[in-house]
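Overview (structure and organization)
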Amino acid sequence: MATVLVVDDEPTLVATLRFSLERDGYQVLTASDGEEALSLARGEKPDLVILDLMLEKMHGFEVCRALRKESRAPIIMLTARTDEIDRVVGLEIGADDYVTKPFSMKELMARVRVRLRRWAEAPAEQVLVSGDVAADVVRREVFKAGETVTLRPKEFDLLVFMMEHRGRVIDRGTLLQEVWGYDGFGQTRTVDVHVGRLREKIEDDVNHPAFILTVRGKGYRFAG
């Protein structure tokens, strides 16, 4: 039975989410502010977190950033705001999905199932190694020739996904969907920008990459 942590300061919404999640067979934990959410997450190790953006004591972005440093558990952010910049920031700091209030409970439950399934299907291998690049999936750390490489959350997710599918040509749309979690959200230029940043950090020569190769007209292939 998967455990879901619901973090929101609206009692009615929390009760509704609890009912829907328990009906689908999940164990539910709840928190009404950011500090309580972090404490529960660290103690109970939930399998997924549904996290409101606007919280007392600690903003949802701060909670998300802190959780992502300690756990790979999927995070679905909730917000009443529709600003695209909030969505972009949330995804950049490590959220896996983003839902705007009001939302369809059926759709949210479907997103919960998808995120939990993807997490469960992730390789059991904890450290991915290719050449002199190593990615510790659990600790979310990357090393190049033994030296720590500092990556942003989505840069790390992109690297891990490509390393998990090394040798396979992956188009930009697939990367956008699998790493950012959205069909058609944003532009594929987002992928190119992140690939460029990754190359700067893990390639010896960005003009002649040895790991992340561009396949003209198709996408990218991790060749390590």
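Shown above is the structure to which this text applies.
Fair warning: this is a prediction, and the values are worked out from it, not measured in the lab.

What follows is about the overall build of the protein chain. A count of helices and strands for the protein chain gives 8 helices and 12 strands. On C-alpha atoms alone, the protein chain measures out to a radius of gyration of 18 Å, which is about the 17 Å that the 2.2 N^0.38 rule sets for 224 residues. By its C-alpha atoms, the protein chain is 55 × 35 × 30 Å across when sized along the principal axes. Buried residues in the protein chain amount to 46% of all 224 residues.

The interhelical angle for the contact between helix H6 (residues 153-164) and helix H8 (residues 189-202), taken along N-to-C directions, is 85°, at an axis separation of 10 Å. Comparing the axis directions of H6 and H8 gives the class roughly perpendicular. Counted together, Lys 154, Glu 155, Leu 158 and Leu 159 of H6 and His 194, Val 195, Arg 197, Leu 198, Lys 201 and Ile 202 of H8 form the full contact between these two elements. Residues belonging to the contact of H6 with H8 are distributed by class as follows: 5 nonpolar, 1 polar and 4 charged.

With that settled, consider the sheet that holds strand S9 (residues 147-149). Across the sheet, 4 strands lie side by side as S6-S7-S8-S9; this open sheet has antiparallel pairing. Every interior strand has two partners, whereas the edge strands, strand S6 (127-130) and S9, have only one. Adjacent strand axes in the sheet meet at a mean angle of 25°, parallel and antiparallel pairs treated alike. As judged from the 3 bridges shared by strand S8 (residues 141-144) and S9, these two strands associate in the antiparallel manner. Residue pairing across strands places Val 142 opposite Val 149, the latter belonging to S9. Strands S6, strand S7 (133-136) and S8 of the sheet are contacted by H6, whose axis makes an angle of about 70° with S6.

With that out of the way, let us pick up the pattern of salt bridges. Where charged atoms of side chains with opposite charge meet at close range, the side chains can pair. By the definition in use, this model includes 18 salt bridges. With a shortest N-O distance of 3.2 Å, Asp 52 and Lys 101 are connected by a salt bridge. Here Asp 52, found in strand S3 (residues 48-52), pairs with Lys 101, found in the loop between strand S5 (97-100) and helix H5 (105-121); they are 49 residues apart in sequence, far enough to count as distant. A salt bridge links Asp 97 to Arg 115, with the nearest nitrogen and oxygen atoms 3.8 Å apart.

Attention now moves to the side chain of Lys 144. Looking at the secondary structure, you find Lys 144 in strand S8. Within the structure, Lys 144 has its side chain in polar contact with the side chain of Asp 132 (distance 3.0 Å). Once residues within four sequence positions are removed from consideration, Lys 144 is found in contact with Asp 132, Val 133, Val 149, Ile 202, Asp 204 and Phe 211.

The next point concerns the nonpolar core. Counting residues in each nonpolar core, the largest one holds 28 residues, and the members touching the most others are Val 142, Leu 158, Leu 159, Leu 175, Ile 212 and Phe 222. It is H6 that provides the largest number of residues to this core, a total of 7 residues. Other than its neighbours up to four places away in sequence, Phe 222 contacts Ser 130, Leu 159, Met 162, Met 163, Arg 166, Gly 167, Arg 168, Ile 202, Phe 211 and Ile 212. Core analysis: the next-biggest nonpolar cluster, separate from the first, contains 22 residues, Leu 5, Val 7, Leu 51 and Ala 66 among them.

Right, let's talk about the sheet that holds strand S12 (residues 219-222) for a bit. The 3 strands are arranged S10-S12-S11 in an open sheet whose pairing can be described as antiparallel. Every interior strand has two partners, whereas the edge strands, strand S10 (169-170) and strand S11 (212-215), have only one. Bridging between S10 and S12 involves 2 bridges; their strand directions are antiparallel. Its bridge partner lying in S12, Ile 170 is registered against Tyr 220. Here H6 sits on the sheet in contact with S10, S11 and S12, set at roughly 70° to S12. The strands that H8 touches are S11 and S12; relative to S11, the one it contacts most, it runs at about 140°.

So, how was this worked out
- Residues numbered from 1 in each chain as written.
- Predicted model: local features only at pLDDT ≥ 70, side-chain atom pairs only at ≥ 80, totals over all residues.
- Heavy atoms only, no water.
- Helix = DSSP H or I, 4+ residues; strand = E, 2+ residues; numbered from the N terminus.
- Rg over C-alpha atoms; globule rule 2.2 N^0.38 Å.
- Buried < 20%, exposed > 50% of the residue type's maximum accessible area, 1.4 Å probe, protein only.
- Axes fitted to C-alpha atoms, helices over the stretch in contact; angles between N-to-C directions.
- Parallel < 35°, antiparallel > 145°, perpendicular 65-115°, else oblique.
- Contact = heavy atoms within 4.5 Å.
- Nonpolar A, V, L, I, M, F, W, Y, C, P; charged D, E, K, R; others polar.
- Pairing = 2+ DSSP bridges.
- Salt bridge = Lys/Arg side-chain N within 4 Å of Asp/Glu carboxyl O.
- Polar contact = N/O pair within 3.5 Å; in protein donor to acceptor, adjacent residues only side chain to side chain.
- Core = buried A, V, L, I, M, F, W, Y, C linked by side-chain atoms within 4.5 Å.

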